2 protein chains.
Amino acid sequence: MPEKNSVEMLLELLQLVLPNLEELLDERYRVLRAIYFLQPIGRRALSDYLLTGERTVRNLVEELKQQGLLQTTPLGLITTKKGSDTLWLLKEYIEKIKGIENLEKLIAQRYNLKRTIIVSGDADKDLTAKKEMSAAAARVLEQELKNGMILAVSGGTTMAMVADSMDTFSEPKVVTVVPARGGLGEDVEKQANTVAAKMAKSLGGSYRLLHIPDVLEEELLKPLLTSSYINEVIDKIKHADILLHGIGTAEEMAGRRSLQPIFLKKIQDSKAVGEAFGYYFDAEGRIVHTTPSAGLRLEDLRNIAISIAVGGGVSKAEAIKAFLKLAPIDILVTDEGVARKLAE
Amino acid sequence: MPEKNSVEMLLELLQLVLPNLEELLDERYRVLRAIYFLQPIGRRALSDYLLTGERTVRNLVEELKQQGLLQTTPLGLITTKKGSDTLWLLKEYIEKIKGIENLEKLIAQRYNLKRTIIVSGDADKDLTAKKEMSAAAARVLEQELKNGMILAVSGGTTMAMVADSMDTFSEPKVVTVVPARGGLGEDVEKQANTVAAKMAKSLGGSYRLLHIPDVLEEELLKPLLTSSYINEVIDKIKHADILLHGIGTAEEMAGRRSLQPIFLKKIQDSKAVGEAFGYYFDAEGRIVHTTPSAGLRLEDLRNIAISIAVGGGVSKAEAIKAFLKLAPIDILVTDEGVARKLAE
DNA sequence: ACCCGAGGGACCAATTATGTCCCACTAGTT
DNA sequence: AACTAGTGGGACATAATTGGTCCCTCGGGT
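Residues numbered from 1 in each chain as written. Chains lettered and ligands numbered in written order. Predicted model: local features only at pLDDT ≥ 70, side-chain atom pairs only at ≥ 80, totals over all residues. Heavy atoms only, no water.

1. Considering the protein's contact with DNA strand D
Part 1: Taken together, 20 residues surround DNA strand D, and among them Arg55(A), Gly42(B), Arg44(B), Arg58(B) and Lys65(B) come closest.
Part 2: Sugar plus phosphate: this is where 48% of the atoms of DNA strand D within 4 Å of the protein reside.
Part 3: Gly42(B) has a polar backbone atom sitting 2.7 Å from a phosphate oxygen of DNA strand D.
Part 4: Within the backbone of Arg43(B), one N or O atom sits 2.8 Å away from a phosphate oxygen of DNA strand D.
Part 5: Of all elements in the fold, only helix H4 (54–66) of chain A together with helix H3 (43–50), helix H4 (54–66), strand S1 (70–73) and strand S2 (76–79) of chain B reach the threshold of two or more residues within the surface near DNA strand D.
Part 6: Class assignment for the residues of the surface near DNA strand D results in 6 nonpolar, 6 polar and 8 charged. (Near = heavy atom within 4 Å. Polar contact = N/O pair within 3.5 Å; in protein donor to acceptor, adjacent residues only side chain to side chain. Helix = DSSP H or I, 4+ residues; strand = E, 2+ residues; numbered from the N terminus. Nonpolar A, V, L, I, M, F, W, Y, C, P; charged D, E, K, R; others polar.)

Okay, structure coming up:
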């Protein structure tokens, strides 16, 4: 591929001559991306999102406006057509500079994944990295979903974001979307049920709901499983063709599950770093605590053709790393912050 | 050419996102080029050449050193192998960014030239632009010269520089080099004779000298033309296959020719902007004054297969422009400063 | 009508860039 | 061997640019 080599040659030379090129481009990419995903947005809100000063954002915005990539409206900044076209082109080159493709291959190989997808940035520092990650997950779904399939999805912030970022697909997918887990915590929009319904709408398919809490003692759970409706939904869940789920740190999941203090202490003492499907695990991927859970269990994953995990932000790197040691998933969608940790 | 398009696409996008990219690259190119041509050179001398402050040069040099493109010796800075390789690659990309190729085509077309060669920069501001121009002229000679040909060369700073920059050609050219003009001014190294001898050595050919002054009244010149030696050399000059010459402003040429005050006044009154082969011409390319001259005359140019003019620096743009209107030359080697004026 | 968030204006402090000069060392010349 | 010129690196002060912070008027949404 002579073409590929000369673009890479040029980028290499430019980085040699302008050692801060990556930084300069990244900065502009981040601003453009944030405005693209959050538009219309004012300057002050933007600087909050980017954890960058108002004046700094303003300088960059002014420059991008002059280049015709952004424009101001009374409601806030928006990208022009030229701006969004530039954004996606820039994404390609930034990824080349950062060696994202190599990183993807390295991680897929090291953790025995079918595929890794990395987006620029660190979701801890820039929420729009999470938005880009969600859009990437939506694209994976679009590729993998076929008519007649069952998609099981979990809840959480990231999943809600994936659901939000699914534009109506050009071609409807006649699929069934089911929640991978029962109700958890108090936030309606983050529930697996809500996510499942929203995704089904975007996909053009149908959904089923699971009306039981995720945290339930075994003696309470057993009688509920005699309900034919609940049994039917759980059956679908366990026979899902595709699973899409987030990965949480032990800390945040314990909070969302409202665990009793004695369990919280147990989890802390055993150095749990993450949680998935009711299992708490330490940094080596060893299970250190199990909570009863109505939906999918870890062992169910081997019956699912395609498991897709989505998660980003450096603070989650340890949990994600441990999870990859524990569970046989297929596709990981993450961000650069996590990827560099995984590659260490 | 998909390859070409994607490099250009990338450069276009980078300029969109980093509007000062050209400036940043040009700066680094200028420093690298200067050190390449002048090495070994100290920082202070370098800043004099570049008309840039010492501290500014130092910052750039420090950066390029860190990237392995330059190194310091007790005698001064030199380029590394990596540095000179980078320089020539960078030249290519800078020329793309600046649209040098389009400029070359435009000027060749507008002034009915077979070919135009433009190097980056303005020789008035950066003497190493002139060095690069000289190297480019040397390369043209290497391409055009064939065994048995006669090459006529004029004197002057630029011509001396061309002679200096001719490395021994990989393949010797069995040619005869002759001075296009007689002696002019006081500077030995700038004489057409010196230039001719030096070039002949580098080329691996032979040379003939013309031992008469360029400025000579007709009644003194005629008897000299009866000398069979002088006649023989002049005959060779008028039958040269290739002519290589500089272009001077009227002002500097009048100075070099030590013209009498009444002639100086005449030249100023008639708004002469340039001089070539003893002819002073105004901005429209009209001859306004003629001095007797022993070497080549303007009308001899039509008998020469390939005429190559070399000149740069914005202060010469007007003279060069006028000359191109006056004389049917084939190849122009100039710099960006002049080229942008020619293109207006 | 009211409120909130928008962009543009403005001022000031902090940081970076640039100018200038000094010193010890080395290489070249006499 | 002695001397000189030019070198790179150090250092400090000044100038310019960057970034932070806050204010004001306007427009859109409720």
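2. Here's the deal with the packing of helix H3 (residues 43–50) of chain A against H4(A)
All names here are of chain A.
Part 1: In contact at an axis separation of 9 Å, H3 and H4 are set at 110° when each is read in the N-to-C sense. Considering their axes alone, H3 and H4 lie roughly perpendicular with respect to each other. Considering the relative orientation of H3 and H4, their crossing is right-handed. Side by side, H3 and H4 meet where Arg43, Arg44, Leu46, Ser47 and Leu50 of the first sit next to Glu54, Val57, Arg58 and Val61 of the second. (Axes fitted to C-alpha atoms, helices over the stretch in contact; angles between N-to-C directions. Parallel < 35°, antiparallel > 145°, perpendicular 65-115°, else oblique. Left-handed = near helix turned anticlockwise from the far one by under 90°. Contact = heavy atoms within 4.5 Å.)

3. Considerations on the relation of the copies chain A and chain B
In this structure, two copies of a chain are linked by a rotation about an axis accompanied by a shift along it.
Part 1: Note on the copies: chain A fits chain B at an RMSD of 0.1 Å, the axial shift is 0.0 Å, and the rotation between them is 180°. In the structure described here, the two chain copies are related by an operation that fits a two-fold rotation axis.
Part 2: When the interface residues of chain A are mapped onto chain B, 100% of them are again interface residues, pointing to one common binding face. (Least-squares fit on C-alpha atoms with pLDDT ≥ 70 in both.)

4. Some words on unusual backbone geometry
Residue and element names in this part refer to chain A.
Part 1: The omega torsion of the bond from glutamine 39 to proline 40 falls at -5°, within 30 degrees of zero and hence cis.
Part 2: Relative to the helices and strands, proline 40 is located in the loop between helix H2 (21–38) and H3.
Part 3: One non-glycine residue, asparagine 112, adopts positive backbone phi at about 60°.
Part 4: Among the structural elements, asparagine 112 can be located in the loop between helix H6 (100–110) and strand S3 (115–119).

5. Here's the deal with the pairing of strand S2 (residues 76–79) of chain A
All names here are of chain A.
Part 1: Pairing analysis gives 4 bridges linking strand S1 (residues 70–73) to S2, with the strands arranged antiparallel. Across the sheet, residue glutamine 71 finds its bridge partner in S2, namely isoleucine 78.
Part 2: Turn length for the S1-S2 hairpin, with the two strands adjacent in sequence and antiparallel, is 2 residues. (Pairing = 2+ DSSP bridges.)

6. Considering the pairing of strand S5 (residues 176–179) of chain B
All names here are of chain B.
Part 1: Neither face of S5 is open: one carries Thr176 and Val178, the other Val177 and Pro179, and all of them are buried.
Part 2: Where strand S4 (residues 150–153) and S5 come together, 4 bridges link them in parallel fashion. Among the inter-strand pairings, leucine 151 is bridged to a residue of S5, identified as valine 177.
Part 3: Handedness of the S5-helix H9 (residues 192–203)-strand S6 (residues 206–207) crossover: right-handed. (Buried < 20%, exposed > 50% of the residue type's maximum accessible area, 1.4 Å probe, protein only. Right-handed = clockwise from strand over helix to strand, strands pointing away.)

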